[in-house]
Amino acid sequence: MRSSIRHATLAVSLLALAGTACTTQSTVTSAPATSARASGQVTTAVDDKAAGLVPGDVKARGTLTIASASTNAPMEFLDADGKTFIGFDIDFSDAIAATLGLKATHINSTFDAIIPGLAARKYHMGMSGFFMTEARQRVVDFVPYLRDGSALVVPRGNPLKLAMDPVTLCGHRVAGEKGSVQGSEYLPAISKDCQAAGKKPVDVLLFPKLDEAHLALTGGRADAIMEDSIPSGYRAARSNGKYEVAPGDTYKPVMTGIAFPKASPLAPAVQAAVKSLASDGTLERLMDKWSIPKAALLPDYS
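Residues numbered from 1 in each chain as written. Predicted model: local features only at pLDDT ≥ 70, side-chain atom pairs only at ≥ 80, totals over all residues. Heavy atoms only, no water.

By the definition in use, this model includes seven aromatic pairs. When the ring of phenylalanine 92 is compared with that of tyrosine 145, the centres are 6.0 Å apart and the planes differ by 20°; the resulting orientation is stacked. Taken as a pair, phenylalanine 92 in helix α4 (residues 88-99) and tyrosine 145 in strand β10 (residues 140-155) lie far apart in primary sequence, 53 residues in all. In terms of burial, phenylalanine 92 and tyrosine 145 fall into one category: buried. Through a chain of ring-to-ring contacts, three or more aromatic side chains come together here, namely Phe77, Tyr234 and Trp290. (Phe/Tyr/Trp six-rings, centres within 6.5 Å; stacked < 30°, edge-to-face > 60°. Helix = DSSP H or I, 4+ residues; strand = E, 2+ residues; numbered from the N terminus. Buried < 20%, exposed > 50% of the residue type's maximum accessible area, 1.4 Å probe, protein only.)

As C-alpha cells, then:
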C-alpha cells in the first residue's frame, strides 16, 4: 500500500508540473491503422519481436490511447478541418502502434494536463514533445526518441533586439505555454537571475495553448515567446512574416521522450518499436516529411 507521504509528494509534483489550468479532452481522428499501414507517406509492418512485448490486456483491446496537445506544429496539430490530428508525433505514434499490431487512438488535451493524466493512468502514453527533465521523470517514465531545446520567437524584424540569451530578456514580457519547461522552470529561473543582477525581472506570461501565446505576440501583448526549438522554426517559417526566431544557440538541449505512467508494462514494447522504426529508416523519413532537423536525431538511432 502506498503511504500518505507518497500521495502527498505525488500531488505536489503534479501541481508543480500542471499549473492550475483545466482542460476539456476530446478524441480526434487520424488515419486508420492496420497491421501494415501507411503512416503519412510511410508503410509500417508488424515487428513480431516488439509486438511480443505488448501486455496481454493492451493486445486484447487492440488500441493504444495517446494524449497530445493539438497546438504544437509540426509535432502535433489539427488539420484544416479542425478535427484531424496531423504532425510528426501523430505519424510516428501511428507507426509505433502499427509496428506493435495495434491501432492508435489520439486524445486532444492541453499540454499541462497530459502528465497528470498519465499519472492517473488515463492514457497509455503521451506524445507532445516532452523534454525529459528530472522533475517530470519523478512522475512519469520516458522512452527517448528525439533531441530538442528551446528558442525565442520575436516579432518580425526583432524590434527589441532580443536573443536566446537570458541577459536580454530582463524586463521584457516573455510568453510560454502552461506546463512547459520554459514556462515552469526556465523563465522563472531567468527572471530570478535578472533580479539578482539588479535588473528588472522577466514578466512571464503563461497561456494554456501555444496558439494563444502567438496571438499575444502578434497582438503586441508579449515581446517574445520561449518555446521548443523545433516548433519555433517550423511555425516562424509559416507565419507569413509575422514573427521570426531570434538569434542565439538552442537553449539547454535535452532528450525528448514518449511519456508513460510509472512502471508501465507497455514501455518496453514501445521502446522496441521505436528502435525498429529507427533501424528501418521510418523515423528519418518522417522527420524529413515534417521538416524536423537532422540534429534532432539521437545518436543511438542514427
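Under the defined criterion, the tally for this structure stands at six salt bridges. A salt bridge links lysine 262 to aspartate 141; the nearest nitrogen and oxygen atoms lie 2.9 Å apart. Note that lysine 262 is positioned in the loop between β15 (251-261) and α10 (267-279) and aspartate 141 in strand β10, a separation of 121 residues in sequence. Judged by its relative accessible area of 32%, lysine 262 is partly exposed. (Salt bridge = Lys/Arg side-chain N within 4 Å of Asp/Glu carboxyl O.)

Next up on the list: the state of the cysteines. One way to say it: the disulfide is the covalent bond shared by the sulfur atoms of two cysteines. Within this structure, the stated rule accounts for one disulfide. Each sulfur of the disulfide joining cysteine 170 and cysteine 194 lies 2.0 Å from the other. Measuring the twist about the S-S bond at about -85°, one finds the cysteine 170-cysteine 194 disulfide to be left-handed. Of this pair, cysteine 170 sits in the loop between β10 and β11 (173-177) while cysteine 194 sits in helix α7 (residues 181-196); the two residues are 24 residues apart in sequence, bridging distant segments of the chain. Accessibility assignment for this pair places cysteine 170 and cysteine 194 in one class, buried. (Disulfide = S-S within 2.5 Å.)

Moving on, we get to the packing of α4 against helix α11 (residues 282-289). Look at α4 against α11: their axes get within 10 Å of each other, and the N-to-C directions meet at 155°. When the interaxial angle is binned, α4 and α11 end up roughly antiparallel. Crossing of α4 over α11 shows right-handed handedness. Where α4 abuts α11, its residues Phe88, Asp91, Phe92 and Ala95 lie against Thr282, Leu283, Leu286, Met287 and Lys289. Partitioned by chemical class, the residues of the contact of α4 with α11 number six nonpolar, one polar and two charged. (Axes fitted to C-alpha atoms, helices over the stretch in contact; angles between N-to-C directions. Parallel < 35°, antiparallel > 145°, perpendicular 65-115°, else oblique. Left-handed = near helix turned anticlockwise from the far one by under 90°. Contact = heavy atoms within 4.5 Å. Nonpolar A, V, L, I, M, F, W, Y, C, P; charged D, E, K, R; others polar.)

A separate point is the nonpolar core. Judged by nonpolar contacts, the single largest core of 43 residues is most densely connected at Phe88, Phe92 and Leu100. When residues of this core are traced back to their parent elements, those giving at least two are β4 (63-68), α4, β9 (125-131), β10, α9 (229-237), β15, α10 and α11. Here this core gets seven residues from one element, more than from any other, and that element is α10. The residues contacting phenylalanine 88, other than those within four sequence positions of it, are Pro74, Met75, Tyr145, Leu146, Leu283, Leu286, Met287, Trp290 and Ile292. Membership of the second largest hydrophobic core comes to 19 residues, among which are Val174, Leu187, Ile190 and Val202. (Core = buried A, V, L, I, M, F, W, Y, C linked by side-chain atoms within 4.5 Å.)

For the rest of this paragraph, the subject is α7. Between its terminal C-alpha atoms α7 stretches 21 Å, which fits the 22 Å expected from 16 residues at 1.5 Å a residue. Remark: the principal bend of α7, roughly 30°, maps to leucine 187, with a proline, proline 188, within the next four residues. Those residues of α7 not exposed but buried are Val181, Gln182, Gly183, Tyr186, Leu187, Ile190, Ser191 and Cys194. Where α7 terminates, the next one or two residues include glycine 198, which has phi positive at roughly 80°. (Expected span 1.5 Å × (residues − 1). Bend = angle between axes of the 7 residues up to and from the residue.)

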